[in-house]
Amino acid sequence: MKALMLSLVIAMMADVPLQDPAEEARAQALMRELRCVACENEPVSQSSAPIAEDMRARVREMIMEGSSDQDVRDWFESRYGEFVLFRPKGRGFGGTILWAGPFLLLVAGAAIGFLTTRRKRTDAAAIESEDA
Amino acid sequence: MIEAGHFMAFLALGASLAQMVFGLKGDRRWAGMAAIAGFGVMALSFLTLVHAFAVSDFSVLLVAQNSHTLKPMLYKVAGTWGNHEGSMALWALVTLGFGAAAAALMKTGRETFEARALGVQGLLAAGAMAYLLFASSPYLRLDPAPFQGAGLNPLLQDPALSFHPPMLYLGYVGYSFVFALAAAGMMEGRIDRVWAKEARRWSLAAFVPLTFGIALGSYWAYYELGWGGWWFWDPVENASLMPWLIGAALLHSVIVTEKRENFAAWTALLAVVAFLFSIMGAFLVRSGVLTSVHAFAVDPKRGTILLFGLMAYGILALGLFAWRGPGLKGAKPWLMVSREGALMANNVVLVVAALTVLLGTLFPLMAEATGRTMSVGEPYFRLTFVPILALLLVLLPVAQNWAWGKADVKQWTRWAIAGGVLVAVFAVLGVGVWKISLGAALGIALGVWLIGGALWELKRRAVTLKRVFSVSPRVWGMTLAHIGIGLFIIGAVVETTARYETTVALAEGASGKAAGWTLTLDDVGSIEGPNWYADKAVLTAVKGGTKTVLEPMKRYYPAARMPTTETAIFKTGTGDLYAALGEQRVVDGQTRWVFRVYFNPLIDLVYAGVLLIGLGGFLSLVKVKR
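Residues numbered from 1 in each chain as written. Chains lettered and ligands numbered in written order. Predicted model: local features only at pLDDT ≥ 70, side-chain atom pairs only at ≥ 80, totals over all residues.

(A) Spatial organisation of the overall build of chain A. Looking only at helices and strands, one finds six helices and zero strands in chain A. Its helices and strands taken in sequence order, chain A reads α-α-α-α-α-α from the N to the C terminus. A burial count over chain A gives 25% of its 132 residues as buried. A separation of at least 24 residues holds for 44% of the contacts in chain A among residues at least 6 apart in sequence. (Helix = DSSP H or I, 4+ residues; strand = E, 2+ residues; numbered from the N terminus. Buried ≥ 20, exposed ≤ 12 C-beta atoms within 10 Å, placed from the backbone. Contact = placed C-beta atoms within 7 Å.)

(B) Looking closely at the overall build of chain B. Along chain B, the regular secondary structure elements total 18 helices and 10 strands. For a compact globule of 626 residues, the expected C-alpha radius of gyration is about 25 Å, and chain B comes in at 26 Å, within 12% of that figure. Looking at chain B as a whole, 54% of its 626 residues are labelled buried. (Rg over C-alpha atoms; globule rule 2.2 N^0.38 Å.)

(C) Quick look at the interface of chain A and chain B. Residue-level contacts link 37 residues of chain A with 38 residues of chain B. Those elements that provide at least two residues to the side of chain A that touches chain B are helix H2 (21-32), helix H5 (92-119) and helix H6 (124-131) of chain A. Of all the elements, H5(A) adds the most residues to the side of chain A that touches chain B, at 11 residues. Its residues assigned to classes, the side of chain A that touches chain B shows 15 nonpolar, 10 polar and 12 charged. (Nonpolar A, V, L, I, M, F, W, Y, C, P; charged D, E, K, R; others polar.)

(D) Representation of helix H3 (residues 50-64) of chain A in the model. For H3(A), which comprises 15 residues, the first-to-last C-alpha distance of 21 Å matches the rise-based estimate of 21 Å (1.5 Å per residue) to within 8%. The set of residues buried in H3(A) consists of A:Ala52, A:Glu53, A:Met55, A:Arg56, A:Ala57, A:Val59, A:Arg60 and A:Ile63. (Expected span 1.5 Å × (residues − 1).)

(E) Local environment of the confidence of the model for chain B. For chain B, the average pLDDT comes to 89, and 97% of its residues sit at 70 or higher. Listed scores for the predicted complex are pTM 0.92 and ipTM 0.86. (pLDDT = per-residue confidence, 0-100.)

(F) Up close: the pairing of strand E8 (residues 568-571) of chain B. All names here are of chain B. Relative to strand E9 (residues 575-587), E8 runs antiparallel, the two sharing four bridges. Residue pairing for E9: alanine 568 is matched across the bridge by alanine 579. Here E8 folds back onto E9, and the loop between the two strands holds three residues, one of which, glycine 573, carries a positive phi near 105 degrees. (Pairing = 2+ DSSP bridges.)

(G) The arrangement of the sheet that holds E8(B) in detail. Residues and elements named next belong to chain B. Here we have four strands laid out as an open sheet, ordered E1-E10-E9-E8, and antiparallel in their pairing. In the strand order of this sheet, the two ends are held by strand E1 (500-506) and E8, each with one partner. In this sheet, adjacent strand axes meet at a mean angle of 25 degrees when their direction is disregarded. (Axes fitted to C-alpha atoms, helices over the stretch in contact; angles between N-to-C directions.)

(H) Seen up close, unusual backbone geometry. All names here are of chain B. In the segment running from aspartate 143 into proline 144, the intervening peptide bond is cis, with an omega of 0 degrees. Mapped onto the elements, proline 144 comes out in the loop between helix H6 (111-135) and helix H7 (159-188). Phi is positive for serine 56, close to 50 degrees, though the residue is something other than glycine. Positionally, serine 56 belongs in the loop between helix H2 (28-54) and helix H3 (61-66). Residue serine 56 is classed as partly exposed on the basis of its 18 C-beta neighbours within 10 Å.

(I) Inspection of the domain arrangement of chain B at higher detail. All names here are of chain B. Examined at the domain level, chain B breaks down into domain 1 (2-384), domain 2 (392-499 + 606-610) and domain 3 (502-603). Just the C-alpha atoms count here: the centres of domain 2 and domain 3 sit 38 Å apart. Residue-level contacts link seven residues of domain 2 with five residues of domain 3. With five residues, helix H17 (residues 473-498) is the single largest residue contributor to the side of domain 2 that touches domain 3. Here the residues of the side of domain 2 that touches domain 3 are counted per class, giving four nonpolar, one polar and two charged. (Domains from an automatic or database assignment.)

(J) A look at the nonpolar core. All names here are of chain B. In this structure, Ala92, Val178, Leu181, Ile246, Ala271 and Val272 are the most contacted members of the largest nonpolar core, which totals 190 residues. Residue assignment places this core across two domains, with domain 1 (2-384) and domain 2 (392-499 + 606-610) each supplying three or more. Look past the residues within four positions of alanine 271 in its chain and what remains in contact with it is Val178, Phe179, Leu181, Ala182, Ala199 and Leu250. Core analysis: the second largest hydrophobic core is formed by 26 residues, Ala505, Ala515, Ala541 and Ala579 among them. (Core = buried A, V, L, I, M, F, W, Y, C linked by C-beta atoms within 7 Å.)

(K) Spotlight on the packing of helix H12 (residues 339-369) of chain B against helix H14 (residues 385-399) of chain B. Residues and elements named next belong to chain B. Taken N-terminus to C-terminus, the directions of H12 and H14 make an angle of 165 degrees; their axes are 10 Å apart at the nearest point. Here H12 lies roughly antiparallel to H14, going by the angle between them. Considering the relative orientation of H12 and H14, their crossing is left-handed. Taking contact as the criterion, the partners of Ala342, Ala345, Asn346, Val349, Val352, Ala353, Thr356 and Val357 in H12 are, on H14, Phe385, Ile388, Leu389, Leu391, Leu392, Leu395 and Ala399. (Parallel < 35°, antiparallel > 145°, perpendicular 65-115°, else oblique. Left-handed = near helix turned anticlockwise from the far one by under 90°.)

Structure representation (structure tokens):
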């Protein structure tokens, strides 16, 4: 426990990677999807701003305490607002449009393409004769 | 000097209006002459601006605001377009340039059509010139002239960034002439083989520089920002990606119009939309709606004018399309399993991909209007854009050999077996041997699939291996571009999934470990450049028998009161060892320097792939004389 406390203190001091590579990888993945609140469109993983450093330390701390990825995201959201999440939430009407939109468009595009061929399938014979 | 330039810009406006009037009247000869004259005077006018920057004439307001006597000559000259007014002057110049080039090169044998295309181009050029002269004039004087200028944004003082804007503008504005061709074709009611041949050529002439322009910007971001990545899904990057995707769709659909006189309305629509996306990019970047290094002149009034222009062109073109589109002849029946079907699938996916980027880019802006502040970043695009595009790339090798009219798909079992074997091999290799995630392994398999497919198609077109070098440059162009996509995918997948990043804090003389390398900080010294001073670290990196010296810098530009990072990169052969110098920090009474150290595996494949795509486009442009 004492060792843990000590390593916590070190982790909070500077950018010291976590001991466990798997945990560190998770922490880094999270840092890439959290937005530095003092910067211009930068994730906390990249920013050299002091606040970003604090945010990185907080991510590592929470991972070390055993929080899940979602816990970390939720904590940052409650603290800094939705703005901090580079992975926008899918909740609500807007969120649904945002996340489902591209796939709905793809289905719609495929359907339109498919219908234009189907409707004219009777002319297929004409195509083949033209080809010959 | 600058007054002469100002006067010549008015002449250029006059010439482009003449080009518009003669062109729309159907007078090919006079429209062409006006186009060439307009470009000539605007080129001279632009040179007076370049001259003012080169000699640091601070009695010119723009120079005083954006230049400095101590800057190296390259950045003085490049500073001409490193600001809002100058970049708009470049935009106008390139618009006129495409008109002049078209006047000289177009040979379709259709006088009225060519005249009208030049006429529409004249309209677009006049629009750009009017915007330049009346809403963002670079020709204003400043009295009294200051002794020193305010300097150029230091981030832009970089060789790659000097050529990034002209390249990008050649691409963006290149689509203006594609737009003009589509409008003229619709006025004539003829979107046919002859039209498509011409449109394809100009689409390539826009696509190739756009590709290189994006690559330059991305490479700059990679080594200058010191963030270790090469694409950040930043709104301004997205603004250039959207016309590129639409342009790529257009390059494929125009083939159907050229070879089969089909999809005419759709091709014309894409030709129009490619340019609209280009202007929208300019609007997003220039209006200050988005803040970034590109938004040098945040002026809502200008943004409003650009938005108005965008809407005016859009209404004009789409109105023309609605009026003439339904009557166009080139709409024949087609089958799903045919080359037409394959190219239509390509188009659907590329357009949906572009719209996904649009949605992700504009969504935060729209949300803000409803009072919700939110962010859309890399994770969103990774989960939407990437799988959608991957779908297309999986099908590419299979569908690219489908025949026109009706494809014979008896061989589908062979393709399925080949694909299955590839997936199995890379899944085992990736997860078992390389210890990477299954997703990354499948990504690499996709890259190999694309390269193999491109080579297979080349062999099929050449019939025998001996004749591979006698196939047309166009087939080679396609092959190289598709191989380029494959290389890009492998590079992108490996780099993003296996990138190693860490931070080390070192005192002078101390060593640390990062990415398997032992880094020793030998020295941190101060050095001085023409218009900056810097802290330069000397890091010795050792791994096994390899030893190299990295010298990352932190520069400070007093004129702009701004620091920049100058990263140090060592190419190991399998990737880049990349170091950026950060803050100085006192830990336990000892001064330490913070370094951000990355290992970016196979990053060169990302750029090699994009260069091959551009080169492929260029080869496709080569006409063979028979």
